[in-house]
Amino acid sequence: MTEPTHSNELAWLQEQLRLGMSGGRFPAGSWLRQDALAEQYGVSRFVVRGALERLAELESIEHVPNRGYRVRHWSLEERHELTEARLVIEQAMVPLMMARKTPAGMAEARRALHDFERAAESLDGEALAMTNHAFHRALADLTENAALARQVNWLREQGLRGAGPGWPKAGGVARSLAEHREMLAALERNDPIALQGAIQRHLTAWQEREATTAAGTRPSEGGACHRKNGANSVSPRTPPEMI
């Protein structure tokens, strides 16, 4: 195998694994077995090992001595930090997006939005994750700054770890879709303030839901947990919205 072919395979597999992790195919805490991945993706174990090593360097996965590679689980505190970092970077990207957007770039964003709309109709978790990433990547590409786009893409993928099959909730998907439309509309009418506001609401939606869920599970004055149908129960944590 020539070096260019190997490099292409390595980059391709790394991208597939990144999408698989953020889409729920490889959930947080799952082990990434080299032999299974080689068979699944039709590449050599040498290529698999190289892709895993690079992902470990990026802290997307962790290497456990004598065990192998495991998809990293981000704590709630870390996820808040990831969201804060995204807010700073993505809102700062708005002037570049407005100044550098091209007809071709906008057409790509519209296609990505259309694909997300189709995935939303079926509530297919993995399809939603993939099309969501495609939409946000299309927006980041409008800056024509590859370094910025790579950074914000990485932050988004980590913050969404665990989304996938079982994730979709009709209300959350509808809100995400509405916010995607808001962002694209703001770009089309050259309104940077509206775009920054849409980004703010979109990125912090999961925090609002987290706060609501926490409030619903606090003990009452008598010390009992949230009650439902007369029995003690804790409301299940609402999965994060697709952002």
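The model shown is predicted, which means the values in this text are computed figures rather than measured ones. (Residues numbered from 1 in each chain as written. Predicted model: local features only at pLDDT ≥ 70, side-chain atom pairs only at ≥ 80, totals over all residues. Heavy atoms only, no water.)

Visitor: Help me understand the packing of helix H2 (residues 34–41) against helix H3 (residues 45–57) in this model?
Guide: How two helices sit against one another is set out by the angle between their axes and by the gap between those axes. One way to put it is that H2 packs onto H3 with a least axis distance of 9 Å and a crossing angle of 110 degrees. One element, H2, and the other, H3, form an angle in the roughly perpendicular class. Considering how the two elements wind past one another, H2 and H3 form a crossing that is right-handed. Judged by residue contacts, Gln34, Asp35, Leu37 and Ala38 of H2 engage Arg45, Val48, Arg49 and Leu52 from H3. Residues that form the contact of H2 with H3 fall into these classes: four nonpolar, one polar and three charged. (Axes fitted to C-alpha atoms, helices over the stretch in contact; angles between N-to-C directions. Helix = DSSP H or I, 4+ residues; strand = E, 2+ residues; numbered from the N terminus. Parallel < 35°, antiparallel > 145°, perpendicular 65-115°, else oblique. Left-handed = near helix turned anticlockwise from the far one by under 90°. Contact = heavy atoms within 4.5 Å. Nonpolar A, V, L, I, M, F, W, Y, C, P; charged D, E, K, R; others polar.)

Visitor: How should the layout of surface pockets be read in this particular structure?
Guide: Left-over empty space is what a probe sized like a water molecule reveals as it rolls over the atoms. Quantified by volume, the second largest pocket comes out at close to 220 Å³. Lining the second largest pocket are Glu15, Arg18, Leu58, Arg137, Arg150, Gln151, Asn153 and Trp154. With four residues, helix H7 (residues 146–159) is the largest single contributor of residues to the lining of the second largest pocket. (1 Å grid on protein atoms, 1.4 Å probe; cavity = no way out; pocket = protein on both sides within 12 Å on 5 of 7 lines; lining within 4 Å. Points joined across faces, edges and corners; volume = space filled by probe spheres on them.)

Visitor: What exactly am I supposed to notice about the confidence of the model for the protein here?
Guide: Caution applies to low-pLDDT regions: their predicted coordinates should not be interpreted in detail. Model confidence for the protein is summarised by a mean pLDDT of 83, while 82% of its residues fall at 70 or above. Between residues 162–167, whose pLDDT stays under 50, and residues either more than four places distant or in other chains, the model counts 19 contacts. Per-residue pLDDT stays below 50 along residues 220–240; that stretch engages in 31 contacts with residues further than four places along the chain or on separate chains. (pLDDT = per-residue confidence, 0-100.)

Visitor: Explain unusual backbone geometry here, please?
Guide: Across residues other than glycine, the phi torsion is negative in most instances, and most of the peptide bonds are trans. Unlike most non-glycine residues, Asn66 shows phi in positive territory, near 65 degrees. Take Asn66: it is sitting in the loop between strand E2 (61–64) and strand E3 (68–71). The phi dihedral of Glu144 is positive, around 55 degrees, even though this residue is not glycine. Mapping Glu144 onto the fold places it in the loop between helix H6 (125–141) and H7.

Visitor: What exactly am I supposed to notice about the nonpolar core here?
Guide: Within soluble globular proteins, side chains that are nonpolar generally end up buried alongside one another. In this structure, Met97, Leu139, Met183, Leu187 and Leu195 are the most contacted members of the largest nonpolar core, which totals 35 residues. Going through the elements one at a time, helix H4 (76–100), helix H5 (103–122), H6, H7, helix H8 (170–188) and helix H9 (192–216) are the ones with two or more residues in this core. Leu187 has contacts with Met97, Met98, Lys101, Met106, Leu139, Leu142 and Leu195, leaving out every residue within four places of it along the chain. In terms of nonpolar packing, the next biggest core, distinct from the first, is built from 18 residues, Leu10, Leu13, Ala38 and Tyr69 among them. (Core = buried A, V, L, I, M, F, W, Y, C linked by side-chain atoms within 4.5 Å. Buried < 20%, exposed > 50% of the residue type's maximum accessible area, 1.4 Å probe, protein only.)

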